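If you want the building blocks of each chain, they are given just below.
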Amino acid sequence: MIYEAISKMNSLHEKSRRYHLLSQLSIGVGVVSFLFGVCTMPSLFVIFIGVAVVCGLVSIIFFAPEAKRAMNAVRAEYKDTFIPGILNENFDSAKFEYWGGLTEMEVMQTSLYKLGNRLESEDLLTGEYKGVSFKQADVHIWNHVEREKDSEDIEYFDGRIIMFDTKSDYSSSVRVISKPRTLAKGDYRLGFDEEHRVEMESMEFNDAFKVYARTGHDAFYILTPEVIERMMKIWKKYGRNEKNQYRDMSFHLRDNKFYFAIENGGSTFEPGKFPISYPDEKAKLEKDIEIIVELIECFAFIDK
């Protein structure tokens, strides 16, 4: 099934590429026809401009939409067939709904980011790993501001939020947020008052994160030296993007739930380079989901 999906996706991608090329050629012929008529045969200007208009219409009405339809079919095949096949190899009871996402109430319950007046979420993944159930989705939060003469979108968060059910009786709150590394971007994460700030024993950890807890005992109870070491490995692995720029990262353990958020600025489950090869695409997808495994093993999973 997966290999059939790869063959179909590559075929559809090639179809999209051909229609895109035809669209560009059609526009090119129209432009050349127009310029040729203007420069060399002004008396036949109407004919040449007619040819240019027809070429443009063919591109806009037929070639470009066909290219887009083919790419939409690639994306649908990837998310309907290929992704579920790989996910079920790695997780129990895996379910992927690219049309679904986290609700505003679920995002609010994480207490990680402020909510603006706009929220979009997609690529909902649920499943279990070593008996721990999880839910994750891409989430985009922003605030749209209307002014008398213009408008502005202020981005609060664009990345992944992962939610875990710890199945523990823990009934406190410990929040760990990476320190903002740039003044150019606003920090819209939620935190306790500074009186609830807790300094850990690891200087390296304190340099990377701020810890907020209801009591110092709560923080040290959860953030053991072993857990801190594992969190630092996660930070060093995922705390920078492909351009070596810092990513905001946040953890929140509250009652019997654990929440994690990381900014990545885009959708997680998207096709890679074409033509797609099974080993490369499988490795790419497993890299996208390995943070779920690492988080579960990091907190092991908080049954204290």
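Right above here is the structure, for reference.
Read on for an overview of the structure. Just so we're clear, the structure is a prediction, and the values are computed from it rather than from any experiment.

## Overview of the nonpolar core
Link 1 in the chain: Core analysis: the biggest nonpolar cluster contains 56 residues, and Phe205, Leu223 and Phe251 have the highest contact counts within it.
Link 2 in the chain: Apart from the residues within four sequence positions on either side, Phe251 is in contact with Leu112, Val174, Arg175, Val176, Phe209, Met231, Phe258, Tyr259, Phe260, Leu295 and Phe299.

## So, the packing of aromatic side chains
Link 1 in the chain: All chains considered together, the criterion is met by 17 aromatic pairs.
Link 2 in the chain: Ring plane angle 80 degrees and centroid distance 5.2 Å describe the contact between Tyr98 and Trp99, whose orientation is recorded as edge-to-face.
Link 3 in the chain: Judged by relative accessible area, which is 23%, Tyr98 ranks as partly exposed.
Link 4 in the chain: Taking relative accessible area as the criterion, Trp99 reaches 59% and is therefore assigned exposed.
Link 5 in the chain: Judged by centre distance (4.2 Å) and plane angle (20 degrees), the rings of Tyr156 and Tyr188 are stacked. Taken together, the positions of Tyr156 in strand β4 (residues 151-165) and Tyr188 in the loop between β5 (173-178) and β6 (197-198) put the pair 32 residues apart, joining distant regions of the chain. A single burial state applies to Tyr156 and to Tyr188, both of which are buried.
Link 6 in the chain: Taken together, the ring pairs connect Phe164, Phe205, Phe209, Trp235, Tyr246, Phe251, Phe258 and Phe260 into an aromatic cluster.

## Digging into the pairing of strand β3 (residues 132-146)
Link 1 in the chain: Judged from the ten bridges that link them, strand β2 (residues 118-129) and β3 form a sheet pairing that is antiparallel. When the sheet's bridge partners are listed, Arg118 is paired in β3 with Trp142.
Link 2 in the chain: In this structure, the hairpin formed by β2 and β3 is closed by a connection of two residues, where Lys130 is found at a positive phi of approximately 50 degrees.
Link 3 in the chain: Pairing of β3 with β4, which is carried by 13 bridges, proceeds in the antiparallel orientation. The residue bridging Val145 from the neighbouring strand is Glu152, located in β4.

## Quick look at the pattern of salt bridges
Link 1 in the chain: Applying the stated criterion across every chain, the model contains 18 salt bridges.
Link 2 in the chain: Here Glu89 makes a salt bridge to Lys282, at a shortest N to O gap of 3.4 Å. You can see Glu89 sitting in helix α2 (residues 45-90) and its partner Lys282 sitting in helix α7 (residues 278-299), a full 193 residues away along the chain.
Link 3 in the chain: Residue Lys282 is classed as partly exposed on the basis of its relative accessible area of 23%.
Link 4 in the chain: With its nearest N and O atoms 3.7 Å apart, the salt bridge here joins Asp150 to Arg147.
Link 5 in the chain: With relative accessibility at 43%, the residue Asp150 sits in the partly exposed group.

## Focus: the environment of Pro180
Link 1 in the chain: Following the sequence through the fold, Pro180 ends up in the loop between β5 and β6.
Link 2 in the chain: Residue classification places Pro180 among the partly exposed positions, given a relative accessible area of 41%.
Link 3 in the chain: Each C-alpha atom, one on Pro180 and one on Phe274, is 36 Å from the other, the two residues being 94 residues apart in sequence.
Link 4 in the chain: When residues no more than four places from it in sequence are discounted, the contact partners of Pro180 are Asp187 and Arg189.

The rules we used
- Residues numbered from 1 in each chain as written.
- Predicted model: local features only at pLDDT ≥ 70, side-chain atom pairs only at ≥ 80, totals over all residues.
- Heavy atoms only, no water.
- Core = buried A, V, L, I, M, F, W, Y, C linked by side-chain atoms within 4.5 Å.
- Buried < 20%, exposed > 50% of the residue type's maximum accessible area, 1.4 Å probe, protein only.
- Contact = heavy atoms within 4.5 Å.
- Phe/Tyr/Trp six-rings, centres within 6.5 Å; stacked < 30°, edge-to-face > 60°.
- Helix = DSSP H or I, 4+ residues; strand = E, 2+ residues; numbered from the N terminus.
- Pairing = 2+ DSSP bridges.
- Salt bridge = Lys/Arg side-chain N within 4 Å of Asp/Glu carboxyl O.

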